[in-house]
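Each chain, letter by letter, is given below.
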Amino acid sequence: MKQIIGYIRKDQWSPYVAGSLLGLVAVLIAVVSTVFRDPSIALGASGAFESILGGLTQLVSPDWIAKNLYFKAVRLPGLTWEVVMLFGIFVGGALGAISSRTWKLRWMPDKQWAEAFGQSRVTRWVLVFLGAILLEYGAGMAGGCTSGLAIWGGLQLAPAAFVFMGGMFATGILTALLVYRRRY
Amino acid sequence: MSVAQIIIALVLGIGFGFALQKAGLTQYHKIVNVFRFTDLAVLKFMMTALIVAMAGLFSLNGLGLIDLPVPPQTHIVGNLLGGLVFGVGMSLVGI
């Protein structure tokens, strides 16, 4: 027991242990989905941002949302399962850092970022903003992100998951090549 | 959404976030290094999650205890283009 608590408090787990925990969460989500008879209960993260934005827009102009095909057919606006789970992901990440006593507020990511892009905070924030737009737009186009499409789709061997992962790695490697050049 | 569903979603989300943080995937270098093939933690994490989830899901489904979830739809052009755009963002800023 003491060893287990000691392992939980470690700063970094083996990716195999952490991955098993996510696998367990995915199975539990499938169980919950069956219990509530609700197929919209699924693993995912990127769709939550769209639902939040749709919900906020609904407050201002409900007509526009009612007529919008995306919010009718693809993703529901407002407080959905994914929105609550996204909030849980933030809390869980913070708890993970607190449990290993490494939680702190930082302006900049790790050392490797500074080596690649320099020390500027402005560069970091502008790039993160632009990068996040690409992520969310790409995920919206593909129908999910690494969790919602690659993992939730991949575990049922949906072709969509593997097509998405292929695309993701192709440009991911290319971008890393451009950023790191000789140090790749 | 009922209160029960909200609580369950929160708990499962916390499990998800905890796993991500403990695998180090909240850090820039962990994400970008998988594209440089110097640290494969992202792949190890994802593939382990897939294997564990597949084993659990299909065992429970075989026992008739749960329904299989609806798989994401495959639209090859959309999935591929989305993945291509997604990869740039992911590799650039590591999220």
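**Quick look at the overall build of chain B**
For step 1, the next point in the chain: Each helix and strand in chain B was counted, giving 4 helices and 0 strands.
For step 2, the next point in the chain: Secondary structure of chain B in N-to-C order comes out as α-α-α-α.
For step 3, the next point in the chain: Seen through its C-alpha atoms, chain B measures out along the principal axes to roughly 45 × 35 × 30 Å.
For step 4, the next point in the chain: Out of the 95 residues in chain B, the part that is buried amounts to 53%.

**Some details on the overall build of chain A**
For step 1, the next point in the chain: A count of helices and strands for chain A gives 10 helices and 0 strands.
For step 2, the next point in the chain: Going from the N terminus to the C terminus, chain A shows its helices and strands as α-α-α-α-α-α-α-α-α-α.
For step 3, the next point in the chain: Taking all 184 residues of chain A together, 38% fall into the buried category.
For step 4, the next point in the chain: Summarising the internal contacts of chain A: among those between residues at least 6 apart in sequence, 52% fall at separations of at least 24.

**Things to note about the packing of helix 9 (residues 146-154) of chain A against helix 3 (residues 41-62) of chain B**
For step 1, the next point in the chain: Orientation of helix 9 of chain A relative to helix 3 of chain B, taken along the N-to-C sense of each, is 40°, at an axis distance of 9 Å. On the basis of their axis angle, the class for helix 9 of chain A and helix 3 of chain B is oblique. Facing helix 9 of chain A, whose interface residues are Ala150, Ile151 and Gly154 of chain A, helix 3 of chain B presents Met46, Ala49 and Leu50 of chain B.
For step 2, the next point in the chain: When the residues that make up the contact of helix 9 of chain A with helix 3 of chain B are grouped by side-chain class, the tally is 5 nonpolar, 1 polar and no charged.

**Overview of the interface of chain B and chain A**
For step 1, the next point in the chain: Contact with chain B, which involves 67 residues of that partner, is made by 84 residues of chain A.
For step 2, the next point in the chain: Secondary-structure elements contributing two or more residues to the side of chain B that touches chain A are helix 1 (3-22), helix 2 (28-35), helix 3 and helix 4 (76-93) of chain B.
For step 3, the next point in the chain: Residues that form the side of chain B that touches chain A fall into these classes: 43 nonpolar, 20 polar and 4 charged.

**A look at the nonpolar core**
For step 1, the next point in the chain: The biggest cluster of nonpolar side chains holds 71 residues, and the ones touching the most others in it are Ala26, Ile151 and Phe164 of chain A together with Ala49 of chain B.
For step 2, the next point in the chain: No other element matches the 9 residues that helix 3 of chain B contributes to this core.
For step 3, the next point in the chain: With near-sequence residues (within four places) excluded, alanine 26 of chain A lies in contact with Leu43, Ile151, Trp152 and Leu155 of chain A together with Ala49 and Ala53 of chain B.

**Section: unusual backbone geometry**
For step 1, the next point in the chain: Residues other than glycine seldom take positive phi values, yet leucine 157 of chain A does so here, at roughly 55°.
For step 2, the next point in the chain: Of note, leucine 157 of chain A is situated in the loop between helix 9 and helix 10 (159-180).
For step 3, the next point in the chain: Judged by the 11 C-beta atoms lying within 10 Å of it, leucine 157 of chain A is exposed.
For step 4, the next point in the chain: You will see that phenylalanine 37 of chain B, though not glycine, has its phi angle at about 60°, which is positive.
For step 5, the next point in the chain: Along the polypeptide, phenylalanine 37 of chain B turns up in the loop between helix 2 and helix 3.

**With respect to the environment of glutamine 27 of chain B**
For step 1, the next point in the chain: Of note, glutamine 27 of chain B is situated in the loop between helix 1 and helix 2.
For step 2, the next point in the chain: Among the residues examined, glutamine 27 of chain B registers 19 C-beta atoms within 10 Å and is labelled partly exposed.
For step 3, the next point in the chain: Between the alpha carbons of glutamine 27 of chain B and valine 93 of chain B there is a distance of 9.9 Å; along the sequence they are 66 residues apart.
For step 4, the next point in the chain: For glutamine 27 of chain B, the contacting residues outside a window of four places in its chain are Pro109 and Asp110 of chain A.

**Observations regarding the confidence of the model for chain B**
Interpretation of this model should avoid reading the predicted coordinates in detail wherever pLDDT is low.
For step 1, the next point in the chain: Put simply, chain B has an average pLDDT of 93, and 100% of its residues get 70 or more.
For step 2, the next point in the chain: Here the predicted complex carries an ipTM of 0.94, next to a pTM of 0.92.

**Here we look at the environment of isoleucine 95 of chain B**
For step 1, the next point in the chain: By the element assignment, isoleucine 95 of chain B lies in the segment after helix 4.
For step 2, the next point in the chain: For the pair isoleucine 95 of chain B and valine 32 of chain B, spaced 63 residues apart in the sequence, the C-alpha separation amounts to 8.8 Å.
For step 3, the next point in the chain: In this structure, isoleucine 95 of chain B is in contact with Gly131, Ala132 and Leu135 of chain A together with Ile31 and Met90 of chain B, ignoring residues within four places of it in sequence.

**Quick word on the environment of lysine 30 of chain B**
All names here are of chain B.
For step 1, the next point in the chain: Looking at the element boundaries, lysine 30 is found in helix 2.
For step 2, the next point in the chain: Lysine 30 sits in the buried class, given 22 other C-beta atoms within 10 Å.
For step 3, the next point in the chain: Placed 65 residues apart in sequence, lysine 30 and isoleucine 95 show a C-alpha to C-alpha distance of 9.6 Å.
For step 4, the next point in the chain: Beyond its immediate chain neighbours, meaning those up to four positions away, lysine 30 contacts Gly24, Leu25, Asp39, Ala41 and Val42.

**Focus: helix 8 (residues 121-142) of chain A**
For step 1, the next point in the chain: Between its terminal C-alpha atoms helix 8 of chain A stretches 31 Å, which fits the 32 Å expected from 22 residues at 1.5 Å a residue.
For step 2, the next point in the chain: Within helix 8 of chain A the residues assigned to the buried category are Leu134, Leu135, Gly138, Ala139, Gly140 and Ala142 of chain A.
For step 3, the next point in the chain: Residues of helix 8 of chain A that are buried make contact with helix 3 (46-60), helix 9 and helix 10 of chain A together with helix 4 of chain B.
For step 4, the next point in the chain: Within two residues after helix 8 of chain A, glycine 143 of chain A carries a phi angle of roughly 95°, on the positive side.

What counts, and at which threshold
Residues numbered from 1 in each chain as written. Chains lettered and ligands numbered in written order. Predicted model: local features only at pLDDT ≥ 70, side-chain atom pairs only at ≥ 80, totals over all residues. Helix = DSSP H or I, 4+ residues; strand = E, 2+ residues; numbered from the N terminus. Buried ≥ 20, exposed ≤ 12 C-beta atoms within 10 Å, placed from the backbone. Contact = placed C-beta atoms within 7 Å. Axes fitted to C-alpha atoms, helices over the stretch in contact; angles between N-to-C directions. Parallel < 35°, antiparallel > 145°, perpendicular 65-115°, else oblique. Nonpolar A, V, L, I, M, F, W, Y, C, P; charged D, E, K, R; others polar. Core = buried A, V, L, I, M, F, W, Y, C linked by C-beta atoms within 7 Å. pLDDT = per-residue confidence, 0-100. Expected span 1.5 Å × (residues − 1).

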